[in-house]
Amino acid sequence: MTWGQATDAQLMDVLDATCVSLGIPPARGRSIAPSSGTKKSIAPFFEPNYSVRLYVDVKAWRPLGYNLPSNGVAYQACGHIWYDEGQGCLRLENHSENKIYVRLVAGTCFRAECPVCYQKWAAREAGRIEDKFKRLSRNNAEASVPGYGRPVHAVISVPEIDAFLMYNNLDILKDKIYAIAEKVGLKGYCVIFHPYANEKMHEETPEKILIDKSTGDFDLDSLRSYYSKMNKHINFWYVRPHFHIIGYAPRDYDNPENDAFNEDTITRIYNETGYVVKNLGVRDSVRNTAHYQLTHAGVKKGFQTVCWVGDLSNRNYHKMNPLPKFIPKPHTCPECQAELAPVRWDPQAAISAQVFSVDNYSSADGLDLSEPGPSPLEGQREGGYWIDPGGWRYLNRGEKNHSCLVRKPSHR
Ligand SMILES: [Zn+2]
Ligand SMILES: [Zn+2]
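All chains use their own residue numbering, which begins from 1 and follows the written sequence. Chains and ligands are labelled sequentially in the order written, the chains with letters from A and the ligands with numbers from 1. Only residues with pLDDT of at least 70 get local features here, since the model is predicted, and only at 80 or more are side-chain atom pairs given and counted; chain-wide, interface and lining totals rely on the full set of residues. As a convention, hydrogens and water are excluded, and side-chain values are obtained from all of the structure's heavy atoms.

*Asks:* Describe the coordination of the zinc ion (ligand 2), naming the residues involved and giving the relevant values.
*Replies:* Within the first shell, the zinc ion (ligand 2) binds the protein through Cys89 (SG), His95 (NE2), Cys333 (SG) and Cys336 (SG), at distances of 1.9 to 2.3 Å. Between the 4 donor atoms coordinating the zinc ion (ligand 2), the angles at the centre fall across 101 to 121°, so the site counts as tetrahedral. Counted as coordinating are nitrogen, oxygen and sulfur atoms within 2.8 Å of the metal, or 3.2 Å for Na, K and Ca, while water is not included, which may make sites look incomplete. All donors to the zinc ion (ligand 2) come from one chain, and their sequence spacing reads C-x5-H-x237-C-x2-C. On the criterion of sequence distance, the pair formed by Cys89 in strand β2 (residues 85–89) and Cys333 in the loop between β8 (306–310) and β9 (341–345) is long-range, its members being 244 residues apart. Any site counts as irregular unless it has four donors with all angles between 85 and 135 degrees, making it tetrahedral, or four or six donors with opposite ones more than 155 degrees apart and the rest between 65 and 115, making it square planar or octahedral. Secondary structure elements follow DSSP: runs of H or I no shorter than four residues count as helices, runs of E no shorter than two count as strands, and numbering proceeds from the N terminus.

*Asks:* Please set out the coordination of the zinc ion (ligand 1) residue by residue, giving values where relevant.
*Replies:* Donor atoms from the polypeptide that bind the zinc ion (ligand 1) are Cys78 (SG), Cys109 (SG), Cys114 (SG) and Cys117 (SG), placed at 2.3 Å. Taken together, the 4 donor atoms coordinating the zinc ion (ligand 1) span angles of 104 to 113° at the metal, a pattern that classifies the geometry as tetrahedral. Sequence positions of the residues that donate to the zinc ion (ligand 1) give the spacing C-x30-C-x4-C-x2-C. Considered together, Cys114 and Cys117 belong to a single accessibility category, that of buried residues. When a residue's accessible area, from a 1.4 Å probe over protein chains only, is under 20% of the maximum for its type it is buried; when over 50% it is exposed; and in between it is partly exposed.

*Asks:* For the nonpolar core, give the residues involved together with the corresponding values.
*Replies:* To form a nonpolar core, buried Ala, Val, Leu, Ile, Met, Phe, Trp, Tyr and Cys residues must be joined to one another through side-chain atoms within 4.5 Å. Among the nonpolar cores identified, the biggest contains 37 residues, and Leu186 and Tyr196 are the most heavily contacted of them. For this core, the secondary structure elements donating two or more residues are β4 (152–157), α3 (165–168), α4 (170–183), β5 (188–198), β6 (237–248), α6 (263–273) and β8. Any pair of residues with heavy atoms lying within 4.5 Å of one another is described as a contacting pair. The residues contacting Tyr196, other than those within four sequence positions of it, are Val56, Val58, Arg62, Tyr66, Leu68, Met166, Trp237, Tyr238, Val239, Arg240 and His242. The next biggest cluster of nonpolar side chains, apart from the first, holds 32 residues, and it includes Tyr148, Ile246, Tyr292 and Ala297.

*Asks:* Provide a residue-level description of a nonpolar patch on the surface, including the pertinent values.
*Replies:* Exposure above 30% relative accessible area and the lack of any salt bridge qualify a residue for a patch; like charges then connect within 9 Å, and the nonpolar side chains Val, Leu, Ile, Met, Phe, Trp and Tyr within 5 Å. All accessible-area figures derive from a Shrake-Rupley calculation using a 1.4 Å probe, and residue coverage is judged against the displayed protein chains alone. The term salt bridge refers to a pairing of a side-chain nitrogen on Lys or Arg with a carboxyl oxygen on Asp or Glu at a separation within 4 Å. Taken together, the side chains of Leu54, Phe164 and Tyr167 make up a nonpolar region of the molecular surface, amounting to roughly 270 Å² of accessible area. Note that Tyr167 resides in helix α3.

*Asks:* Describe the confidence of the model for the protein chain, listing the residues and the values that go with them.
*Replies:* The predictor attaches a confidence to each residue, and that confidence, scored 0 to 100, is pLDDT. Looking at the protein chain as a whole, its pLDDT mean stands at 82, while 79% of the residues score no less than 70. Helix α9 (residues 358–361) is the least confidently modelled element of the protein chain, averaging 50 in pLDDT, while β8 averages 97, the highest of any element. Predicted confidence for residues 19–46 stays below pLDDT 50, and this span has 36 contacts to residues more than four positions away or in other chains.

*Asks:* Kindly report on the pattern of salt bridges, identifying the contributing residues and their values.
*Replies:* One pass over the full model with this rule turns up 11 salt bridges. Linking Arg344 and Glu399 is a salt bridge whose minimum nitrogen-to-oxygen distance equals 3.2 Å. You can see Arg344 sitting in strand β9 and its partner Glu399 sitting in the segment after β11 (392–394), a full 55 residues away along the chain. Its relative accessible area of 18% is what places Arg344 among the buried residues. For Glu399, a relative accessible area of 25% corresponds to the partly exposed category. With a closest N to O distance of 2.8 Å, Arg393 and Glu399 form a salt bridge. Salt bridges sharing partners connect three or more residues here, namely Arg344, Asp346, Arg393 and Glu399.

*Asks:* Lay out α6 with the relevant residues and their values.
*Replies:* Of the residues making up α6, those classed as buried are Thr265, Ile266, Ile269, Tyr270, Glu272 and Thr273. Remark: Gly274 follows α6 within two positions and exhibits a positive phi of approximately 85°.

Have a look at this one:
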């Protein structure tokens, strides 16, 4: 049996087996018939009510448990900027204001737990999620795919009785979630697990982050201001496991009997299992939705934050005839659109070139040979700058700037 094809009875068997394996008498094994005539006023469109609210100190790092992004420890070079290096365009002749363009790049480890780099991790992961949808729709990630429709955002919340499964039996919990997702007709999707909830957080994307048109990535300033606003709202978190799903759930509105993702099914699932399914509908932006979900996803050692399931799983994805992987766009000059190349602050290079050229050798006295000053970008933050020309040069053959990718320091 695969979970995709699980019947109600099989689903219940697993639930019971889970309970039994944990020493709990099976509570719901009695009946698998949809409960009839008990129209309770519980609205299964809100997260289930828990009898206790277990607050967690999300700022404390749990070596073996779930953490929220950013509360680990940074590596030494995370966020470090080499002020005399950058990516630049020195083609003065193509720039109107006699300026050159230099982009400072900060070191990043791209780890979710890094307090310095987690924003870049989330932005990069969100971009990867978007790409996977884009390669299928051949258009925007939000566009329709034949036979699948447009991607929707759904949330499945775990009832209190099963919440403990998240600690040591996440696989069991996931199998249940996947079986329920199948029941509401979700055919291919990505899942992001959230162990905790926060009253001030909303299921919807609070605000759009602007896109840097030259690369198609999130704009750095926009990303920064997004986080500084969001972080003000984070205070009390409590245990409330739920799964965010972005994916395809083809609908059949003309034949309601074939349409899986309807309120009757959702109510039935709730009555039988206690799991709450919410359909938050099609997306304005897959990337913004994914990014927002990643910012408070569960991060745990040895556990993948983003999982692909069903027709979008790593095993099945290629059968959907996707476009080949997109090649990342290089940063380009905002004015002349030339591809940026590594540059270095090296004011002495210009001087020695003058000194040693035959014409100027005799007049070296007139040159300023004092110690070259620091890079004019000293103290600036990561980003692109228009600055006065002079002192910057492209790298020579064989030269390399520092890699901005920060790796785990070796302990030897
Ligand atoms: Zn880092
Ligand atoms: Zn340029």
